[in-house]
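Residue-level structural notes
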Amino acid sequence: DPASQEWRFAREIIGRQTTHLTRMVDDLLDVGRAVTGKLAMDRTPVDLGAAVDVSVSAVRTDRRFGDRRLECRATAVWIEADRTRIEQVVANLLNNAVQHTQANGSIRVQVNASDAHAELIVSDNGDGMDTETVARAFELFFQAEQGVDRRRAGLGIGLTLVRRIVEMHNGTVEAASDGLEKGSTFTVRLPRIPVPPEKEKIPASSREHRGRTVVLVEDAMDSLLSLQQILQSQGHAVHTATDGVSGLSEIVRWKPDVAIVDIGLPGLTGYEIAEQVRASGQSTYLVALSGYGQDEDKVKARRAGFDVHLTKPTDPAHLLEIVCGR
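Residues numbered from 1 in each chain as written. Predicted model: local features only at pLDDT ≥ 70, side-chain atom pairs only at ≥ 80, totals over all residues. Heavy atoms only, no water.

1. Details of the nonpolar core
- Leu48, Leu93, Leu94 and Leu120 are the most contacted members of the largest nonpolar core, which has 37 residues in total.
- Counting residues per element, the ones that place at least two in this core are helix H2 (48–60), strand S3 (78–81), helix H3 (83–99), strand S4 (106–113), strand S5 (117–124), helix H5 (158–168), strand S6 (172–176) and strand S7 (184–193).
- Among the elements that make up this core, the one with the highest residue count is H3 (seven residues).
- If we ignore the near neighbours within four places in the chain, the residues touching Leu93 are Leu120, Val122, Leu159, Val162, Phe186 and Val188. (Core = buried A, V, L, I, M, F, W, Y, C linked by side-chain atoms within 4.5 Å. Buried < 20%, exposed > 50% of the residue type's maximum accessible area, 1.4 Å probe, protein only. Helix = DSSP H or I, 4+ residues; strand = E, 2+ residues; numbered from the N terminus. Contact = heavy atoms within 4.5 Å.)

2. Observations concerning unusual backbone geometry
- A positive phi angle, close to 60 degrees, is found at Asn170, a residue other than glycine.
- Looking at the element boundaries, Asn170 is found in the loop between H5 and S6.
- Owing to a relative accessible area of 59%, Asn170 belongs among the exposed residues under this scheme.
- With a phi angle near 65 degrees, Glu181 is a residue other than glycine that sits in the positive phi range.
- Tracing the backbone through its elements, the reader meets Glu181 in the loop between S6 and S7.
- Residue class for Glu181 comes out exposed when judged on its relative accessible area of 62%.

3. Here's the deal with the environment of Gly126
- Examined against the element boundaries, Gly126 turns out to sit in the loop between S5 and helix H4 (131–136).
- What makes Gly126 buried here is its relative accessible area of 8%.
- It is 7.8 Å that separates the C-alpha atoms of Gly126 and Ser106, two residues lying 20 residues apart in sequence.
- Residues in contact with Gly126, not counting those within four places in the same chain, are His100, Thr101, Glu181, Lys182 and Gly183.

4. Looking at the sheet that holds strand S11 (residues 285–290)
- The five strands lie next to each other as S9-S8-S10-S11-S12, forming an open sheet whose pairing is parallel. Here the strands that pair on one side only, and so sit at the sheet edges, are strand S9 (237–241) and strand S12 (308–311). Taken over all neighbouring pairs, the strand axes of this sheet differ in orientation by 20 degrees on average, direction set aside.
- Here five bridges tie strand S8 (residues 213–217) to S9, and the two strands are oriented parallel to one another. Within the sheet, the bridge partner assigned to Val214 lies in S9 and is Val238.
- Sheet strands in contact with helix H8 (residues 244–254) are S8, S9 and strand S10 (258–262), and its direction is about 150 degrees off that of S9.
- Most of the contacts of helix H9 (residues 270–279) go to S11, to which it runs at about 170 degrees, and overall it touches S8, S10 and S11. (Pairing = 2+ DSSP bridges. Axes fitted to C-alpha atoms, helices over the stretch in contact; angles between N-to-C directions.)

5. Quick word on the packing of H3 against H5
- Where H3 meets H5, the axes come as close as 9 Å, and the angle between the chain directions of the two elements is 150 degrees. With respect to each other, H3 and H5 are oriented roughly antiparallel. Regarding H3 and H5, the two cross each other, and that crossing is left-handed. Across the interface between the two elements, Arg85, Gln88, Val89, Asn92, Leu93 and Asn96 from H3 touch Gly158, Leu159, Leu161, Val162, Ile165 and Val166 from H5. (Parallel < 35°, antiparallel > 145°, perpendicular 65-115°, else oblique. Left-handed = near helix turned anticlockwise from the far one by under 90°.)

6. Regarding the packing of H8 against H9
- Put simply, H8 and H9 touch, their axes get as near as 10 Å, and they point 25 degrees apart. One way to sum up the angle between H8 and H9 is to call them roughly parallel. Crossing angle aside, the handedness with which H8 passes H9 is right-handed. Two secondary-structure elements touch here, H8 through Gly244, Leu248 and Ile251 and H9 through Ile273, Gln276 and Val277.

Printed below as a string of structure tokens:
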């Protein structure tokens, strides 16, 4: 019986495990791109303190965080960076801290400014590290020895990805610990830039305040629900689909202001959806979502009919700017 407690229990387990698998696959894809130098970067002036605040807020709402105490002191300091990748660094460092602290442990995040650097420090009072683990913490697939309970899940790639992203921003990251059961500290240093001049504020038109009609096509349920919630919180009407055929049908039916379409979909690919929407003469603004962000991927999206190509993980603020600008 699909309505029974047993079915609900099974669905919850499958949902959790699917989410866990998706995260691992995404990290594997990213670390592969990072190691081969193919990780997409879109650098702009970024307030590191503000980016850290966003990541910390997201972690606090994650049920995996449990009852851990999280303190954040983030000073405004500017860097030239890909904001999405910097938030990925923060998220991976926080995830590492969560994995290595007990349910009632504490985690502290700091952003400091020196003359030449912006400094991000993530520390915890958890398992700590021995000398070998400190030396090998950023090695691909390296994991410290665990007890038979194996309570720390993962593949040992999160910190490798952190190091590579930081290095691609001309920065450094280091690990430190006073020993087992004495907590750990990870320190990221990135080149600091002057505070950029404020952009001239243009009065918002009535159109900019109007909620948009949006069709969101995404087969990863966690991503779909997250993006749907973000868009709806800003007053946009959102219609969703989880496969290519249904996605095309929703776009044709609603003729939305904006359609946000994942490329790798079952049934029809995102490229095929874009091609058919354009062939019908529809002028919906098409946004491609993809885990691949090389120049050739962007060209392929444009040729299919997309107006813009965004690389996952997508910066929610940038996505909202795109939707509101239609």
